[in-house]
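Read off the chains here:
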Amino acid sequence: MLCVGAVGAHGRSQPESPDESLRRIIATVDAGQFALAERRIDDLLAQVPADAPLARDIAFERERMRRIRLDFPLDAAAVQRRLREQVPDYRDADFERWDAAGLLEKQVIDGDTFYFKSAVSNLFRLDAEAAARRSAAFAPAPDGPLYALHPYHAALRRAALAANASHALPQRVRVTYTLTVDPDAAPAGSTLRAWLPFPRAIAGQQDHIRLLASTPADARIAPEATLQRTAYLERTAVAGQPTEFSIRYEVTLSGQYHAIDPERVTPSPSTAELAEFTAERPPHIVFTPAMRAFSERVVGDETNPAHIARKLFEAVDRIPWAVAREYSTLSNIGDYALHAGHADCGQQTLLLMTLLRLNGIPARWQSGWEFFGDGYDSMHDWGWLYLAPHGWVPMDVTRGLLASDDPALRWFYLGGLDGYRIAFNDDYARDFDPPKRHPRSETVDSQRGEVEWDGGNLYFDQWDYNFAWEPLPAPDAAAAR
């Protein structure tokens, strides 16, 4: 076999299985030993049938290294140039201090240090002193309006309580989503296959979904049961021209509010339906020793599931948000969020899901697109947890704790969810319908879309996307048409 593993009972080395060899390759890539990983990939592929699923997983590690290099294109000199541009009183000692503190994300690859493409902009989110010294000309775009306390939160809560319902304030919206492949990204005459994100019908959250149009006109909508739902389209590439795919649809969205009473909460029932949501799910939900130690520090001797959930929610909320590496480059997202010193919405959500499950609290994924007011929209990930007797309730740890003296509003996003979001996914890393033939650009989430041709996948650097929304008349009237 490729490698030598543990020593057997009689002192002789036991050969590794192909699966064990793949795990070692993954660890080698994570360690930045790319040249060694390349050799091990070649050796292992020579031992595995070319059409075996394992061969695809092995080959993907070579693609993962390519994607890591795309995410980490900067050397130290390039980072310092960007810092000089953005910090008027910058000194070389600043770089050395920020770098030593781990505030500039980097990856050592075969002995050379490379920095994340968003390392400099992330620095100003992670360090208040650096942010205070940044030139106003480089001020970042503000967070979405609902990331801070907003009159909408109180209005949604009042409406839900008044109606004695878990959802309220429905609104009808029209969405146009466009994916545009770069000219000559695939050979002229080849068939481009595209999967565009499309919403699932979820009672009380998003209803009355109606496809209005697509380009080309024969969109194939995945069944409702597809946990990562898409609209599938095909189009022929034309030399020198971009290839556009688009869908337009309407949907009614409602906000959620569940008034959780911690004193009524009991441990979740042991049912087959809930069992999968309390289990590990490698590679991104794993109860590692570090995860267990963190949980013990946060939870202490608390036994009430509602109070445990609050403690974990608050702890993960303290992790600063920053622009993320592509998820497909990470071998364990929950563990990465625990150790990186920052995380984005999906990383925070997977970390919180791992911690909740570790404590016996069922937790699951949801993601899609958020928007509000004029000009704000973004991809976004959040989740749901199960608290008996309330059942499944939403959680958005990236929105986190709101600045309010009213506990109900402060904890709005643990049990509440605004209605300015569309869910495309009720789980992560699930197969499409129809399935892709080549590895996905985004192996975890599904918000931007996917494109491939017979020759392979087209990665994010080969196409662009656009989300546009507009409000419509009252949902009841629109749904009745």
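Since this is a predicted model, take the numbers as computed values, not measurements.

Undergrad: Help me understand the overall build of the protein chain, please; the structure alone is not making it clear to me.
TA: Along its length, the protein chain carries 15 helices and 18 strands. Against the 2.2 N^0.38 benchmark of 23 Å for 481 residues, the protein chain shows a C-alpha radius of gyration of 24 Å, consistent with a compact globule. For the protein chain, the C-alpha atoms occupy an extent of roughly 70 × 60 × 60 Å along the three principal directions. The buried share of the protein chain, reckoned over its 481 residues, is 52%. For the protein chain, the proportion of contacts with a sequence separation of at least 24, taken over those separated by at least 6, is 69%. Summed over all atoms, the accessible surface of the protein chain reaches about 21000 Å², with 51% contributed by carbon and sulfur. Charge-centre separation for the protein chain: the mean point of 51 positive side chains lies 1 Å from the mean point of 67 negative side chains.

Undergrad: Is there a simple way to think about the pairing of strand β16 (residues 450–453) in this case?
TA: Across a regular strand the side chains alternate sides, sitting on one face of the sheet and then on the other. Pairing analysis gives three bridges linking strand β6 (residues 191–197) to β16, with the strands arranged antiparallel. Note that in β16 the partner of Arg193 across the bridge is Glu452. Examined bridge by bridge, β16 and strand β17 (residues 456–458) share three bridges and lie antiparallel to one another. Residue Trp453 lies in a different strand from β17, and its bridge partner there is Gly456. As consecutive antiparallel partners, β16 and β17 are separated by two residues.

Undergrad: I would appreciate a short explanation of the side chain of Gln256 in the present structure.
TA: The residue Gln256 is located in strand β10 (residues 243–257) in this model. A distance of 2.8 Å separates a polar side-chain atom of Gln256 from the backbone oxygen of Gly204. In terms of polar contacts, Gln256 uses its side chain to reach the side chain of His258, at 3.3 Å. With near-sequence residues (within four places) excluded, Gln256 lies in contact with Leu156, Ser166, His167, Gly204, Gln205, Trp384, Pro394, Phe412, Gly415, Gly416 and Leu417.

Undergrad: Would you mind showing me how to read the nonpolar core here?
TA: Side chains of a nonpolar character, in soluble globular proteins, are inclined to be buried together. Membership of the largest hydrophobic core comes to 87 residues, with the highest contact counts inside it found for Val181, Phe313, Leu356, Leu385, Met395 and Ile422. Residues in contact with Ile422, not counting those within four places in the same chain, are Val175, Pro199, Gln206, Tyr249, Val251, Leu253, Ser367, Gly368, Trp369, Phe371, Trp382 and Phe467. Of all hydrophobic cores here, the second largest spans 35 residues; its members include Ala78, Phe116, Leu123 and Phe124.

Undergrad: When you look at the sheet that holds strand β13 (residues 391–395) in this model, what are you seeing that I'm missing?
TA: Across a sheet, paired strands are connected by hydrogen bonds in the backbone, their directions being either parallel or antiparallel. If you walk across this open sheet you meet the four strands as β13-β12-β11-β15, and the pairing is antiparallel. Each edge of the open sheet carries a strand with a single partner, namely β13 and β15 (421–425). On average, each strand axis in the sheet is tilted by 35 degrees relative to the strand beside it, whichever way the strands run. Bridge count for strand β12 (residues 376–387) against β13 is five bridges, and the pairing is antiparallel. Its bridge partner lying in β13, Leu385 is registered against Val393. In the packing of helix α13 (residues 345–358) onto the sheet, the strands contacted are β11 (363–372), β12 and β13, and the crossing angle to β11 comes to about 155 degrees.

Undergrad: Would you mind going over the packing of helix α2 (residues 34–45) against helix α3 (residues 53–71) with me for this structure?
TA: Relative orientation of the contacting elements α2 and α3 amounts to 160 degrees, with a least axis distance of 9 Å. The angle between the axes of α2 and α3 places the two elements in the roughly antiparallel class. Along this stretch, α2 crosses α3, giving a crossing that reads as left-handed. Listed contacts from α3 to Phe34, Ala37, Glu38, Ile41, Asp42, Leu44 and Leu45 of α2 are Ala55, Ile58, Ala59, Glu61, Arg62, Met65, Ile68 and Arg69.

Undergrad: Please clarify how the sheet that holds strand β8 (residues 220–221) should be interpreted in this entry.
TA: Across the sheet, which stays open at both edges, the five strands sit in the order β8-β9-β6-β16-β17 with antiparallel pairing between neighbours. Because the sheet does not close on itself, it has two edges, and the strands there are β8 and β17.

Undergrad: Before we go on, may I ask you to explain the packing of aromatic side chains in this structure?
TA: The description of two aromatic rings rests on the distance between their centres and on the angle between their planes. Taken as a whole, this structure holds 22 aromatic pairs when the rule is applied. Ring plane angle 75 degrees and centroid distance 6.2 Å describe the contact between Trp369 and Tyr465, whose orientation is recorded as edge-to-face. Taken together, the residues Trp369 in strand β11 and Tyr465 in strand β18 (residues 463–471) connect sequence positions 96 residues apart. Look at Trp369 and you get buried, because its relative accessible area is 4%. Classification of Tyr465 as partly exposed rests on a relative accessible area of 29%. Centroid distance Phe372 to Tyr420: 4.6 Å. Interplanar angle 75 degrees. Geometry classified as edge-to-face. You can see Phe372 sitting in strand β11 and its partner Tyr420 sitting in the loop between β14 (416–417) and β15, a full 48 residues away along the chain.

Undergrad: Please clarify how the confidence of the model for the protein chain should be interpreted in this entry.
TA: Low pLDDT marks regions whose predicted coordinates should not be analysed in detail. Chain-level statistics for the protein chain give a pLDDT mean of 95 and a share of 96% at 70 or above. Low pLDDT (under 50) marks residues 477–481, which in the prediction has three contacts with non-local residues, meaning those over four places away or in another chain.

Undergrad: Looking at this structure, how should I read the pairing of β13?
TA: With five of five residues buried, β13 is to be regarded as a mostly interior element. Connecting the antiparallel pair β12 and β13 is a turn made up of three residues.

Undergrad: Sorry if this is basic, but what is going on with α2 here?
TA: Residues three or four positions apart in an α-helix share a direction because the helix packs 3.6 residues into each turn. Counted at 1.5 Å a residue, the expected span for α2 with its 12 residues is 16 Å, and the 16 Å between its end C-alpha atoms agrees. Of all the residues in α2, the buried ones are Phe34, Ala37, Arg40, Ile41 and Leu44. Projected down its long axis, α2 carries its buried residues within an arc of 115 degrees, all on one side. Contacts made by the buried residues of α2 are with α1 (18–30), α3 and β3 (106–109).

Undergrad: I would appreciate a short explanation of the packing of α1 against α3 in the present structure.
TA: Geometrically, a packed helix pair is captured by the angle between its two axes and the distance between the axes. Packing of α1 against α3 brings their axes to within 11 Å, and their N-to-C directions diverge by 0 degrees. Considered as vectors, α1 and α3 are oriented roughly parallel to each other. Touching Pro18, Asp19, Leu22, Ile25, Ile26, Val29 and Asp30 of α1 are Leu54, Asp57, Ile58, Glu61, Arg64, Met65 and Ile68, all from α3. When its residues are assigned to classes, the contact of α1 with α3 shows nine nonpolar, no polar and five charged.

Criteria and cut-off values
- Residues numbered from 1 in each chain as written.
- Predicted model: local features only at pLDDT ≥ 70, side-chain atom pairs only at ≥ 80, totals over all residues.
- Heavy atoms only, no water.
- Helix = DSSP H or I, 4+ residues; strand = E, 2+ residues; numbered from the N terminus.
- Rg over C-alpha atoms; globule rule 2.2 N^0.38 Å.
- Buried < 20%, exposed > 50% of the residue type's maximum accessible area, 1.4 Å probe, protein only.
- Contact = heavy atoms within 4.5 Å.
- Areas by Shrake-Rupley, 256 points an atom, 1.4 Å probe, with all protein chains shown as cover.
- Lys, Arg positive; Asp, Glu negative; His and termini not counted.
- Charge placed at Lys NZ, Arg CZ, Asp CG, Glu CD.
- Pairing = 2+ DSSP bridges.
- Polar contact = N/O pair within 3.5 Å; in protein donor to acceptor, adjacent residues only side chain to side chain.
- Core = buried A, V, L, I, M, F, W, Y, C linked by side-chain atoms within 4.5 Å.
- Axes fitted to C-alpha atoms, helices over the stretch in contact; angles between N-to-C directions.
- Parallel < 35°, antiparallel > 145°, perpendicular 65-115°, else oblique.
- Left-handed = near helix turned anticlockwise from the far one by under 90°.
- Phe/Tyr/Trp six-rings, centres within 6.5 Å; stacked < 30°, edge-to-face > 60°.
- pLDDT = per-residue confidence, 0-100.
- Expected span 1.5 Å × (residues − 1).
- Arc of directions from axis to C-beta.
- Nonpolar A, V, L, I, M, F, W, Y, C, P; charged D, E, K, R; others polar.

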